[in-house]
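Coordinate inspection notes
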Amino acid sequence: MSYLVYVAAFGTLSVIFLWLRDARIYYRTGLSGYRLAAYWGVLYGALALLGVQVTAYVPDLELLGLGLILLAL
């Protein structure tokens, strides 16, 4: 397992943290912009999880997986 898997995991945790932050802010304030950001965060979180899977299980495509995570960020 390459060190890039750890980089991918950290990036995915960052995406999920930002998604949960937006959901928390929407819950507290009720602002519609954060509601939309929380909805998009579900999609971006799924994309980041796909990037981790590609990075961890397809050794030849590690950079593609990291690119997916970067796209999610």
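Scroll up for the structure.
A brief look at the structure comes next. (Residues numbered from 1 in each chain as written. Predicted model: local features only at pLDDT ≥ 70, side-chain atom pairs only at ≥ 80, totals over all residues. Heavy atoms only, no water.)

With respect to helix α3 (residues 62-72)
For α3, every residue scored as buried is listed here: Glu62, Gly65, Leu66, Leu68, Ile69 and Ala72. For α3, the arc enclosing every buried residue in end-on projection is 155°, short of the 170-degree limit, so these residues lie on one face. Looking at α3, the residues exposed on the side facing more than 90 degrees away from the buried face are Leu63, Leu70 and Leu71. Packed against the buried residues of α3 are α1 (4-29) and α2 (32-57). (Buried < 20%, exposed > 50% of the residue type's maximum accessible area, 1.4 Å probe, protein only. Helix = DSSP H or I, 4+ residues; strand = E, 2+ residues; numbered from the N terminus. Arc of directions from axis to C-beta. Contact = heavy atoms within 4.5 Å.)

A short note on the nonpolar core
In globular proteins that are soluble, nonpolar side chains generally tend to be buried together. Judged by nonpolar contacts, Leu4, Ala8, Val52, Leu66 and Ile69 together constitute the single largest core of five residues. Once residues within four sequence positions are removed from consideration, Leu4 is found in contact with Thr55, Glu62 and Leu66. (Core = buried A, V, L, I, M, F, W, Y, C linked by side-chain atoms within 4.5 Å.)

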